Amino acid sequence: MRFGVLGPLEVVSDGGVPVKLGGSRQRVVLATLLMNANHLVAVSRLMEAVWSEEPPPSAPANVRGYISALRRFLRAGDDDRGRAQHGERLTTLTGGYLLRAGTSELDLSLFMGRLRQSEREMATGQTEQAARNLQSALGLWRGNPLDGLPMTLSLRAEVERMKELRLLAVERAAQARLDLGQADGLVPELATLTTQHPFRERLWELRIVALHRTGRQADALAAYARVRRMLVKELGIYPSDRLKRLEQQILRGDRRLDALTT
């Protein structure tokens, strides 16, 4: 089967047929189980994900009903190979439930595996392979995680965590491309990213380096001045030491900035 949380929630059978998931609360239960695949999820956590801080008295029984329906749907969508490998996909354990999903079946697991692999590759100088892995990891995203589901506080926290991981992958991919001499193509992409995430200093660092490496020193310094004004005005803070050091390197004409990772 294929399970997707990096976009609208989806489950697809081995034959390519979408699996029925039920109503919004039932889908929230499934999403919470998938984001913690292969680990026990307490009933209390599922209730919090569905009802936030005020579950009704019927919540435990409702959760059992959602689990029962999901178990039927998953059985119907699994093929012989999946049943042989995973047995019962959704099992009841003491205090909660566990949903089994192979690494290749869940897009979040695939994404995390490629992100970790790219980190090892960057650390050992395998920059081209890291760039490919990061591109592949980012290609798994179909939109905002769990788009369309009602967002309780618990679920929103999970979604924000996933968004943060995606941004980390975006930053690493940009760094890899800079190291591979692809600054020209990065400049417009980083301009868009710093507009979308204006307080993300790492993206500004990458944008400034890309501008510098394309011979646009004045634009690089203007970008630094822009982020500095914004941080002071909007957040009441000054740029990080990394950003300050970057400005000084450009002003000094430090040739090391042309080749070194920032």
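Our structure is the block above this text.
In this text, all values refer to a predicted model and were calculated from it rather than measured experimentally.

A. Local environment of helix α11 (residues 241–252). In this model α11 runs 16 Å from its N-terminal to its C-terminal C-alpha over 12 residues, within 8% of the 16 Å that 1.5 Å per residue would give. All of the buried residues in α11 are Leu 243, Leu 246, Gln 249 and Ile 250. When α11 is viewed along its axis, its buried side chains cluster within an angular range of 120 degrees and face the same direction. Away from its buried face, by an angle of more than 90 degrees, α11 presents the exposed residues Asp 241, Leu 251 and Arg 252. Close packing links the buried residues of α11 with α9 (201–213) and α10 (217–235).

B. Inspection of the packing of α9 against α11 at higher detail. Close contact between α9 and α11 brings their axes to 10 Å; oriented N to C, the two are set at 10 degrees. The angle between α9 and α11 places the two elements in the roughly parallel class. Along the contact surface, α9 presents Glu 201, Arg 202, Trp 204, Glu 205, Ile 208, Val 209 and His 212, while α11 presents Arg 242, Leu 243, Leu 246 and Ile 250. For the contact of α9 with α11, the residue count by class is six nonpolar, one polar and four charged.

C. A look at the environment of Val 17. Of note, Val 17 is situated in the loop between β2 (10–12) and α1 (24–35). For the pair Val 17 and Thr 127, spaced 110 residues apart in sequence, the C-alpha to C-alpha distance is 38 Å. Leaving out residues up to four positions away in the same chain, Val 17 has contacts with Val 11 and Val 12.

D. Structural detail: unusual backbone geometry. One non-glycine residue, Asn 38, lies in positive phi territory at about 70 degrees. Residue placement: Asn 38 occurs in the loop between α1 and β3 (41–42). Relative accessible area serves as the criterion here: at 37%, Asn 38 is assigned to the partly exposed category.

E. Layout of the pairing of strand β5 (residues 96–99). Side-chain alternation along β5 places Gly 96 and Leu 98 on one buried face and Tyr 97 and Leu 99 on a second face that is also buried. Sheet topology note: the strand β4 (residues 90–93)/β5 ladder contains four bridges and is antiparallel. Its bridge partner being in β5, Thr 91 is matched across the sheet by Leu 98.

F. Spatial organisation of the sheet that holds β3. What the three strands build is an open sheet, ordered β3-β5-β4; its pairing is antiparallel. Two strands close off the open sheet at either side, each with one partner strand: β3 and β4. Pairing of β3 with β5 involves two bridges; the strand directions are antiparallel. Paired with Ala 42 across the bridge in β5 is Gly 96.

G. Structural detail: helix α7 (residues 153–179). Look at α7: 39 Å from first C-alpha to last across 27 residues, which is about the 39 Å you get at 1.5 Å a residue. One or two steps after α7, the chain reaches Gly 181, where phi turns positive at roughly 80 degrees.

H. Layout of the packing of helix α2 (residues 43–51) against helix α3 (residues 59–77). Viewed as axis vectors pointing N to C, α2 and α3 meet at an angle of 95 degrees, and their least axial separation amounts to 10 Å. Considering their axes alone, α2 and α3 lie roughly perpendicular with respect to each other. Contacts between α2 and α3 involve Leu 46, Met 47 and Trp 51 from the first element and Ala 59, Pro 60, Asn 62, Val 63 and Tyr 66 from the second. Considered class by class, the residues forming the contact of α2 with α3 number seven nonpolar, one polar and no charged.

I. The environment of Trp 141, seen in detail. Of note, Trp 141 is situated in the loop between α6 (127–138) and α7. The sequence separation of Trp 141 and Gly 7 amounts to 134 residues, and the corresponding C-alpha distance is 6.2 Å.

J. Looking closely at a nonpolar patch on the surface. On the surface, a nonpolar cluster with roughly 260 Å² of combined accessible area is contributed by Phe 199, Leu 235 and Ile 237. Relative to the assigned elements, Leu 235 resides in helix α10. For Leu 235, a relative accessible area of 44% corresponds to the partly exposed category.

K. View of the packing of aromatic side chains. Tallied over the full model, the rule gives one aromatic pair. For the pair Phe 111 and Trp 141, a centre-to-centre distance of 5.6 Å together with 80 degrees between the ring planes defines the contact as edge-to-face. Of the two residues, Phe 111 is situated in helix α5 (residues 107–123) and Trp 141 in the loop between α6 and α7; the sequence distance between them amounts to 30 residues. Look at Phe 111 and you get buried, because its relative accessible area is 0%. In this structure, Arg 166 is placed above the aromatic ring of Trp 141, and the distance from its NZ or CZ to the ring centre is 5.8 Å.

Conventions adopted
- Residues numbered from 1 in each chain as written.
- Predicted model: local features only at pLDDT ≥ 70, side-chain atom pairs only at ≥ 80, totals over all residues.
- Heavy atoms only, no water.
- Helix = DSSP H or I, 4+ residues; strand = E, 2+ residues; numbered from the N terminus.
- Expected span 1.5 Å × (residues − 1).
- Buried < 20%, exposed > 50% of the residue type's maximum accessible area, 1.4 Å probe, protein only.
- Arc of directions from axis to C-beta.
- Contact = heavy atoms within 4.5 Å.
- Axes fitted to C-alpha atoms, helices over the stretch in contact; angles between N-to-C directions.
- Parallel < 35°, antiparallel > 145°, perpendicular 65-115°, else oblique.
- Nonpolar A, V, L, I, M, F, W, Y, C, P; charged D, E, K, R; others polar.
- Pairing = 2+ DSSP bridges.
- Patch = residues over 30% accessible without salt bridge, like charges linked within 9 Å, V, L, I, M, F, W, Y side chains within 5 Å.
- Areas by Shrake-Rupley, 256 points an atom, 1.4 Å probe, with all protein chains shown as cover.
- Salt bridge = Lys/Arg side-chain N within 4 Å of Asp/Glu carboxyl O.
- Phe/Tyr/Trp six-rings, centres within 6.5 Å; stacked < 30°, edge-to-face > 60°.
- Lys NZ or Arg CZ within 6 Å of the ring centre and 35° of its normal.

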